[in-house]
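# Examination of the molecular architecture
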Amino acid sequence: MHARADAADTVPNWPDDIFATLQRFDIRQVPYVPDAGHSRLIQRVLASSTMRGIPLTTEEEGVALLAGAWAGGQRGVLLMQSSGVGNCINMLSLIPILRFPFLTLVTMRGEWGEFNPWQVPMGSTTQGVFELSGVQVLRASNAAEVPAVLEAAASQAYNALTPTAVLLSQRLIGAKVFTK
């Protein structure tokens, strides 16, 4: 499986922009479920001497991990795909109870050029699920807006303690196709 050539950038720079912003905000822990849309960012995190990439078996583990990171004096960001947001619904209730900063970066599926019908239901409800759970949602649909959107989201999450999700649109990451 790979991204189509009609993705916004053939060699995207936006993952590097995200990484630079995470460094500025002193992010130390980055839990993630492996995802092609986040692959370049995950590689940057794993190569970093200041960040710790933590592979998860399921997305809701990342919410609890971020609560523990904050209790231990570190900031984190959760990387996941839109299909994993539904797995987090119960765990999102920890955020207002424990009042910890929450930032998640979500690669979207089920929208722009999607080929897999199983991705559409969660992809079409991701924003609403977050909003009903008390998480503010910002969206980046092209590479040029990624730095500003992530800067605003990180500022909201870490300075104002406003739980924030950044949706990285499928148009930005590129629609996936299966090839032989």
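Here the structure is shown first, and the text comes after it.
Residues numbered from 1 in each chain as written. Predicted model: local features only at pLDDT ≥ 70, side-chain atom pairs only at ≥ 80, totals over all residues. Heavy atoms only, no water.

A separate point is helix 6 (residues 146–159). Taking 1.5 Å per residue, 14 residues should reach 20 Å; helix 6 reaches 19 Å between its end C-alpha atoms and fits that length. Of the positions making up helix 6, those classed as buried are Val 146, Val 149, Leu 150, Ala 153, Ala 154, Ala 157 and Tyr 158. Projected down its long axis, helix 6 shows its buried positions confined to an angular sector of 135°, all on one face. For helix 6, the exposed residues lying more than 90 degrees away from the buried face are Ala 148 and Asn 159. Among the residues trailing helix 6, Leu 161 stands out with phi positive, at a value near 50°. (Helix = DSSP H or I, 4+ residues; strand = E, 2+ residues; numbered from the N terminus. Expected span 1.5 Å × (residues − 1). Buried < 20%, exposed > 50% of the residue type's maximum accessible area, 1.4 Å probe, protein only. Arc of directions from axis to C-beta.)

A few words on the nonpolar core. When a protein is soluble and globular, its nonpolar side chains tend to lie buried together. Core analysis: the biggest nonpolar cluster contains 29 residues, and Ile 18, Leu 103, Leu 105 and Leu 168 have the highest contact counts within it. Looking at this core, the elements with two or more residues in it are helix 1 (14–24), strand 2 (27–32), helix 2 (39–47), strand 6 (103–107), helix 6, strand 8 (164–168) and helix 7 (170–173). Broken down by element, the residue count for this core peaks at 7 residues, all from helix 6. Core analysis: the next-biggest nonpolar cluster, separate from the first, contains 22 residues, Val 33, Phe 102, Val 135 and Leu 167 among them. (Core = buried A, V, L, I, M, F, W, Y, C linked by side-chain atoms within 4.5 Å.)

What follows is about the packing of helix 1 against helix 6. It is the contact of helix 1 with helix 6, at a shortest axis distance of 9 Å, that shows an interaxial angle of 30°. Between helix 1 and helix 6, the angle falls in the class roughly parallel. Our pair here, helix 1 against helix 6, has a crossing hand that is right-handed. Counted together, Trp 14, Asp 17, Ile 18, Thr 21 and Arg 24 of helix 1 and Val 146, Pro 147, Leu 150 and Glu 151 of helix 6 form the full contact between these two elements. Residue classes in the contact of helix 1 with helix 6 are distributed as 5 nonpolar, 1 polar and 3 charged. (Axes fitted to C-alpha atoms, helices over the stretch in contact; angles between N-to-C directions. Parallel < 35°, antiparallel > 145°, perpendicular 65-115°, else oblique. Left-handed = near helix turned anticlockwise from the far one by under 90°. Contact = heavy atoms within 4.5 Å. Nonpolar A, V, L, I, M, F, W, Y, C, P; charged D, E, K, R; others polar.)

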